[in-house]
Amino acid sequence: EKFKEGLTKTRDSFSERVNDLVARYRKVDEEFFEELEEILIAADVGVSTVMELIDQLQMEVKRRNIQDTKEVQAVISEKLIEIYQGGDESSPQLNIEREGLSIILVVGVNGVGKTTTIGKLANKLKNEGKSVLLAAGDTFRAGAIDQLEVWGQRVGVDVIKQSEGSDPAAVMFDAVQAAKSRKVDVLICDTAGRLQNKVNLMKELEKVKRVIEREFPGAPHEVLLVLDATTGQNALTQAKTFSEATEVTGIVLTKLDGTAKGGIVLAIRNELKIPVKLVGLGEKVDDLMEFNAEQYVYGLFA
Ligand code: GDP
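Residues numbered from 1 in each chain as written. Predicted model: local features only at pLDDT ≥ 70, side-chain atom pairs only at ≥ 80, totals over all residues. Heavy atoms only, no water.

A. How the structure looks around the overall build of the protein. Within the protein, the secondary structure is distributed over 12 helices and eight strands. Relative to the 2.2 N^0.38 estimate, which gives 19 Å for 302 residues, the radius of gyration of the protein is 21 Å and therefore close to what a compact globule would have. For the protein, the spread of C-alpha atoms along the principal axes amounts to about 65 × 35 × 30 Å. The buried share of the protein, reckoned over its 302 residues, is 54%. For the protein, long-range pairs separated by at least 24 residues make up 76% of all intrachain contacts whose partners lie at least 6 apart in sequence. With 39 positive and 49 negative side-chain charges, the protein shows a separation of 3 Å between the mean positions of the two kinds. (Helix = DSSP H or I, 4+ residues; strand = E, 2+ residues; numbered from the N terminus. Rg over C-alpha atoms; globule rule 2.2 N^0.38 Å. Buried < 20%, exposed > 50% of the residue type's maximum accessible area, 1.4 Å probe, protein only. Contact = heavy atoms within 4.5 Å. Lys, Arg positive; Asp, Glu negative; His and termini not counted. Charge placed at Lys NZ, Arg CZ, Asp CG, Glu CD.)

B. Representation of the sheet that holds strand β6 (residues 250–254) within the structure. The sheet built from eight strands is open, its strands ordered β3-β2-β4-β1-β5-β6-β7-β8 with mixed pairing. Of all the strands in the sheet, just β3 (158–160) and β8 (288–290) have a single pairing partner and so form its edges. Put simply, the sheet's adjacent strands are angled 25° from each other on average, direction ignored. For strand β5 (residues 222–228) and β6, the ladder comprises five bridges, and the chain directions are parallel. Among the inter-strand pairings, Asp228 is bridged to a residue of β6, identified as Thr254. (Pairing = 2+ DSSP bridges. Axes fitted to C-alpha atoms, helices over the stretch in contact; angles between N-to-C directions.)

C. Representation of the packing of helix α8 (residues 168–181) against helix α9 (residues 198–215) within the structure. It is the contact of α8 with α9, at a shortest axis distance of 9 Å, that shows an interaxial angle of 25°. On the basis of their axis angle, the class for α8 and α9 is roughly parallel. Helix-helix and strand crossings are classified by hand; for α8 and α9 the assignment is right-handed. When α8 is examined against α9, the residues Pro168, Ala169, Met172, Phe173, Val176, Gln177 and Lys180 are found in contact with a partner set consisting of Glu204, Lys207, Val208, Val211, Ile212, Arg214 and Glu215. (Parallel < 35°, antiparallel > 145°, perpendicular 65-115°, else oblique. Left-handed = near helix turned anticlockwise from the far one by under 90°.)

D. Spotlight on the pattern of salt bridges. Considering all chains together, one arrives at 21 salt bridges under this definition. Between Lys2 and Asp286 there is a salt bridge; the shortest N-O distance is 3.9 Å. Within this pair, whereas Lys2 is found in helix α1 (residues 2–6), its partner Asp286 is found in the loop between β7 (276–280) and β8, the two being separated by 284 residues in sequence. On the basis of relative accessible area, Lys2 is assigned to the partly exposed category, the value being 29%. Overlapping salt bridges bring together Glu60, Arg63, Arg64, Glu78, Lys79 and Glu82 as one network. (Salt bridge = Lys/Arg side-chain N within 4 Å of Asp/Glu carboxyl O.)

E. Broad picture of the nonpolar core. Among the nonpolar cores identified, the biggest contains 104 residues, and Leu36, Leu187, Ile188 and Leu253 are the most heavily contacted of them. Once you skip the residues sitting within four places of it in the chain, Leu36 turns out to touch Val18, Leu21, Ile54, Leu57 and Ile76. (Core = buried A, V, L, I, M, F, W, Y, C linked by side-chain atoms within 4.5 Å.)

F. Representation of empty space enclosed by the protein in the model. If you walk through the whole model with that rule in mind, you get one cavity of 30 Å³ or more. Quantified by volume, the largest cavity comes out at close to 40 Å³. Lining the largest cavity, in full, are Thr10, Phe14, Leu40, Ala43, Val45, Leu80, Gly262, Gly263, Leu266, Tyr296 and Leu300. Those elements that place two or more of their residues in the lining of the largest cavity are α2 (8–24) and α12 (293–301). Grouping the constituent residues of the lining of the largest cavity by class yields eight nonpolar, three polar and no charged. (1 Å grid on protein atoms, 1.4 Å probe; cavity = no way out; pocket = protein on both sides within 12 Å on 5 of 7 lines; lining within 4 Å. Points joined across faces, edges and corners; volume = space filled by probe spheres on them. Nonpolar A, V, L, I, M, F, W, Y, C, P; charged D, E, K, R; others polar.)

G. Structural detail: the pairing of β6. Most of β6 is tucked away: five of the five residues are buried. Taken together, β5, helix α10 (residues 233–245) and β6 constitute a β-α-β crossover, and its handedness is right-handed. Where β6 lies against β7, three bridges are found, and the strand directions are parallel. Directly across from Ile251, in β7, lies its bridge partner Val276. Following the chain from β6 across helix α11 (residues 264–272) to the adjacent parallel β7, one finds a crossover that is right-handed. (Right-handed = clockwise from strand over helix to strand, strands pointing away.)

H. Quick look at the UniProt feature "domain: SRP54-type proteins GTP-binding" (unreviewed entry) in the protein. UniProt annotation of "domain: SRP54-type proteins GTP-binding" (unreviewed entry) refers to residues 275–288 when read in the numbering used here. Helix makes up 0% of residues 275–288 and strand 43%, whereas the separation of the span's terminal C-alpha atoms amounts to 16 Å. (UniProt positions renumbered as here; feature names shortened; annotations may be inferred.)

I. Structural detail: the site of the ligand. Lining the immediate surroundings of the ligand are 18 residues, of which Gly111, Lys114, Thr115, Thr116 and Glu283 lie closest. One nitrogen or oxygen atom from the side chain of Asp257 is found 2.8 Å from a nitrogen atom belonging to the ligand. Its free accessible area being 590 Å², the ligand has 80% of it covered by the protein chains. In this structure, the ligand is accommodated by the second largest pocket. Residues that form the shell around the ligand fall into these classes: three nonpolar, nine polar and six charged. (Near = heavy atom within 4 Å. Polar contact = N/O pair within 3.5 Å; in protein donor to acceptor, adjacent residues only side chain to side chain. Areas by Shrake-Rupley, 256 points an atom, 1.4 Å probe, with all protein chains shown as cover. Sits in = over half its atoms within 2 Å of the grid points.)

The following block contains the structure:
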């Protein structure tokens, strides 16, 4: 239900246009596919993904000898799910150990909803019975540490921090030690998100990651990249930049509720081969959900 609600904007524009298309065309022909292509591109599915999708649709329509546009709709849903799931073998679920410490590194550009996501994720894990600790690794942006602490208090988890301007790698060192000695289940680490200085940012990420790897072999269990769905193709560019710098294991796509271009999920998945693990569907603490391709695609049409 929440998934459906969060996709309202995308659904309103996307399904309305598809329905209108199906109503106007009775026969499945070249022009029908051309218009469908435009609708998908307008929903930010991404040009190369759209091309792939249209190709597969055309093949399937031919194979099943579908004439009536009304029947095409179900095939569209089917192929959307297939495109999403066919990306690669990676697990759609968060990689969290059943026992012992798991460390999640959260990266992303300022303003995408990184802090909010960390707060929501801490809350979600806590509700699942895990003990959680946060690391205030964004020592650069003014107010970032305070903002994380506000979330920590809100959801009832401690935050390991140092003063603004301190070395983020030192914060991570402290945080991993604290997580080990307190025997917490999950340590979620915030990082700086200034992309203006790309080289430094990436160096900092690498350094932070190295400290985590050294202090807890096998970690980080996840490197989650937070992207803002409302920025459309820009999000895709950010994803490319970050995955060049570090191994991103999953995407958190925020503000899906705030865009009519929810097709970006498919573009990210198909072009980057990185699974979308979580989606943000609002500003409230429980507005973070595990991503589910079926629910997502049905949410587009339901
Ligand atoms: P950061 O700079 O990346 O840490 O971004 P913040 O966590 O401060 O979030 C920036 C703004 O986006 C805040 O106003 C959040 O409430 C808002 N935000 C974050 N996630 C979502 C979401 O899933 N949906 C909506 N509608 N707003 C969100």
